[in-house]
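Here is what each chain is made of, one letter per residue.
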Amino acid sequence: MTDGERSSSRPAAEPPSGVRTRSQLQRRRRIVQAAAALASRGGIEAMQMRTVAERAGVALGTLYRYFPSKMDLVVAVVSEELDMLERSIERRPPSAPTAAGKAADVLMRAARGLMREPELADALIRSLIITEVSTPFADRVSTLLLRVAAGLPQQEITEDRLALAGALTAAWVMELLEMLRGRRTYEQMTRHIELAADRLFAGL
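On a predicted model such as this, the values are computed, not experimentally measured, just so you know.

Analysis parameters
- Residues numbered from 1 in each chain as written.
- Predicted model: local features only at pLDDT ≥ 70, side-chain atom pairs only at ≥ 80, totals over all residues.
- Heavy atoms only, no water.
- UniProt positions renumbered as here; feature names shortened; annotations may be inferred.
- Helix = DSSP H or I, 4+ residues; strand = E, 2+ residues; numbered from the N terminus.
- Expected span 1.5 Å × (residues − 1).
- Buried < 20%, exposed > 50% of the residue type's maximum accessible area, 1.4 Å probe, protein only.
- Arc of directions from axis to C-beta.
- Core = buried A, V, L, I, M, F, W, Y, C linked by side-chain atoms within 4.5 Å.
- Domains from an automatic or database assignment.
- Contact = heavy atoms within 4.5 Å.

(A) Spotlight on the UniProt feature "DNA-binding region" (unreviewed entry) in the protein. UniProt tags residues 48–67 as "DNA-binding region" (unreviewed entry). In this annotation, residues 48–67 is assigned 75% helix and 0% strand; the end-to-end C-alpha distance for the span is 12 Å.

(B) Representation of helix α10 (residues 186–200) in the model. With 15 residues, α10 should cover 21 Å at 1.5 Å per step; its first-to-last C-alpha distance of 21 Å lies within 8% of that length. Residues of α10 that are buried: Met-189, Thr-190, Ile-193, Ala-196 and Ala-197. The arc that holds the buried residues of α10, viewed along the axis, is 135°, so those residues lie on one side. Among the exposed residues of α10, those pointing more than 90 degrees away from its buried face are Glu-187 and Arg-199.

(C) The nonpolar core, seen in detail. Counting 60 residues, the largest nonpolar core has Trp-172 and Phe-201 as its most contacted members. Of all the secondary-structure elements, those providing two or more residues to this core are α2 (17–42), α3 (49–56), α5 (70–91), α6 (99–115), α7 (118–130), α8 (137–149), α9 (159–180) and α10. Residues lining this core come from more than one domain, with at least three contributed by each of domain 1 (17–68) and domain 2 (70–201). Those residues in contact with Trp-172 that sit more than four places away from it in its chain are Leu-107, Ala-110, Ala-111, Leu-114, Phe-137, Met-189 and Ile-193.

(D) Local environment of the side chain of Thr-169. Inspection of the secondary structure assignment puts Thr-169 in helix α9. Residue classification places Thr-169 among the buried positions, given a relative accessible area of 2%. Not counting the four nearest positions on each side in its chain, Thr-169 is found in contact with Ala-138, Val-141, Ser-142 and Leu-145.

Take a look at the structure:
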């Protein structure tokens, strides 16, 4: 078709917005999966933006439109891990009889999932500690604990309760980092998290 024919023809219809959104979501997901795959083999240092773009099959400029910085990309990978944890919890809720036991079960299940890819887990945990990018990680995990372990609806999640769950989440992050460094066994970490959950969730 010539330029003249193209200009005189009826313009092609724009794709529905839902189609465009689905395409964008799929592209974003490819980028996050590429970043996670690289981190699982070489840690956060392997998540070079150009390498991620090449692996995801997108232009570098496109990658930066989705994720302005490397730390934004790390936060997205963390969020993806949390999404998978929440889906796992929905499929198989913890069966412990107490809120503390359920909270420990959720956290140790998350630890087992992360430890399947220790390089990725180390990259994510270290980045959460040093990043200056705002991340909902702690609040999401803490809210999940209150909702699943304590059975609290959203309207009953007060600041005090969120603070208690946040303290348990912080302890879990540090225990996981110690295990990744070889200074904790899985059994030791489990015991420490159970003790912390017993204390922090006693009044919920």
